[in-house]
Amino acid sequence: MTDWKAIGIGALINAVLTIVLTIIMFPLFFLGPVIGGFMATYLAHDNTMYYTKNQAEGAADGAVSGVIGGLIIGAIFILGFGALSTIIGPVFTQVGVIAGTITLITGMFITLISVIIGGVLGAIGGVIGFSVKEKGSIRVEVD
């Protein structure tokens, strides 16, 4: 049983952090998918009830969050540069067609890379989130 609300929150955190960290300091962009996968697993409602003791389920939720975040990043990239090529198009007809084609090809490449990186790093974040949630849910009985 997957908590889709937590996965959606993790995907949005992934997309926002990745874009912001890419703009501010490029080498830190990988923290977006890791934190998004962590949050997707950690925020899952009572995830210790429906997860078995296998961390692969936490990794799966983190990976789904990373893939959705990667798709969001790719869509933002394509829409942003698509608007730019639409403005250029009427002014320079041939340049607009070339810019649109280059934008589409580059956008598909960026989307594919974002989905792959987001899925792998989101899975890592999901395993970390599962471990932290599992360690925090251990009951200790004191005599």
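Residues numbered from 1 in each chain as written. Predicted model: local features only at pLDDT ≥ 70, side-chain atom pairs only at ≥ 80, totals over all residues. Heavy atoms only, no water.

S.K.: Just give me the short version of the overall build of the protein, but keep the residues and values in it.
M.R.: When you go through the protein residue by residue, the secondary structure sums to five helices and zero strands. Along the chain direction, N to C, the helices and strands of the protein fall in the order α-α-α-α-α. Looking at the protein as a whole, 32% of its 143 residues qualify as buried. Relative to all contacts within the protein whose residues are 6 or more apart in sequence, the contacts with residues 24 or more apart total 75%. (Helix = DSSP H or I, 4+ residues; strand = E, 2+ residues; numbered from the N terminus. Buried < 20%, exposed > 50% of the residue type's maximum accessible area, 1.4 Å probe, protein only. Contact = heavy atoms within 4.5 Å.)

S.K.: Which residues make up helix H2 (residues 31–42), and what values go with them?
M.R.: Along an α-helix, a turn takes 3.6 residues, which lines up residues three or four apart on a common side. The terminal C-alpha atoms of H2, which comprises 12 residues, lie 16 Å apart, in line with the 16 Å expected from a rise of 1.5 Å per residue. Within H2, burial applies to Gly32, Pro33, Val34, Gly36, Gly37, Ala40 and Thr41. (Expected span 1.5 Å × (residues − 1).)

S.K.: Before we move on, can you summarise the layout of surface pockets with the specific residues and values?
M.R.: Computed from the structure, the largest pocket encloses a volume of approximately 420 Å³. Forming the walls of the largest pocket are 18 residues, and the residues nearest its centre are Thr18, Thr22, Ile73, Ile110 and Ser114. Sorting the residues of the lining of the largest pocket by element identifies helix H1 (4–24), helix H4 (56–91) and helix H5 (93–136) as the ones contributing at least two each. Per element, the largest residue contribution to the lining of the largest pocket is six residues, and it comes from H5. (1 Å grid on protein atoms, 1.4 Å probe; cavity = no way out; pocket = protein on both sides within 12 Å on 5 of 7 lines; lining within 4 Å. Points joined across faces, edges and corners; volume = space filled by probe spheres on them.)

S.K.: Explain a nonpolar patch on the surface to me, using residue names and the numbers behind them.
M.R.: Together, Ile9, Tyr42, Leu43, Leu112, Ile116, Val120, Ile124, Ile128 and Val132 make up an exposed nonpolar region whose accessible area comes to about 740 Å². Looking at which element gives the most residues to the nonpolar patch, the answer is H5, with six residues. Here Leu112 shows up in helix H5. Residue class for Leu112 comes out partly exposed when judged on its relative accessible area of 49%. (Patch = residues over 30% accessible without salt bridge, like charges linked within 9 Å, V, L, I, M, F, W, Y side chains within 5 Å. Areas by Shrake-Rupley, 256 points an atom, 1.4 Å probe, with all protein chains shown as cover. Salt bridge = Lys/Arg side-chain N within 4 Å of Asp/Glu carboxyl O.)

S.K.: Run through the packing of aromatic side chains, naming residues and quoting values.
M.R.: Enumeration over the complete set of coordinates arrives at two aromatic pairs. Seen from their ring centres, Phe26 and Phe29 are 5.1 Å apart, and the 20° between their planes marks the pair as stacked. We classify Phe29 as partly exposed; its relative accessible area is 23%. When the centroid spacing of 5.5 Å and the interplanar angle of 10° are considered together, the rings of Phe38 and Tyr42 count as stacked. (Phe/Tyr/Trp six-rings, centres within 6.5 Å; stacked < 30°, edge-to-face > 60°.)

S.K.: Outline the packing of H1 against H2, listing residues and values.
M.R.: It is the contact of H1 with H2, at a shortest axis distance of 7 Å, that shows an interaxial angle of 165°. Here H2 runs roughly antiparallel to H1, going by the angle between their axes. In this structure, H1 crosses over H2, and the sense of that crossing is right-handed. Here Ala6, Ile7, Gly10, Ile13, Asn14, Leu17, Thr18 and Leu21 of H1 come into contact with H2, specifically with Leu31, Gly32, Pro33, Ile35, Gly36, Met39 and Ala40. (Axes fitted to C-alpha atoms, helices over the stretch in contact; angles between N-to-C directions. Parallel < 35°, antiparallel > 145°, perpendicular 65-115°, else oblique. Left-handed = near helix turned anticlockwise from the far one by under 90°.)

No statement about biological role is implied by the geometric values presented.
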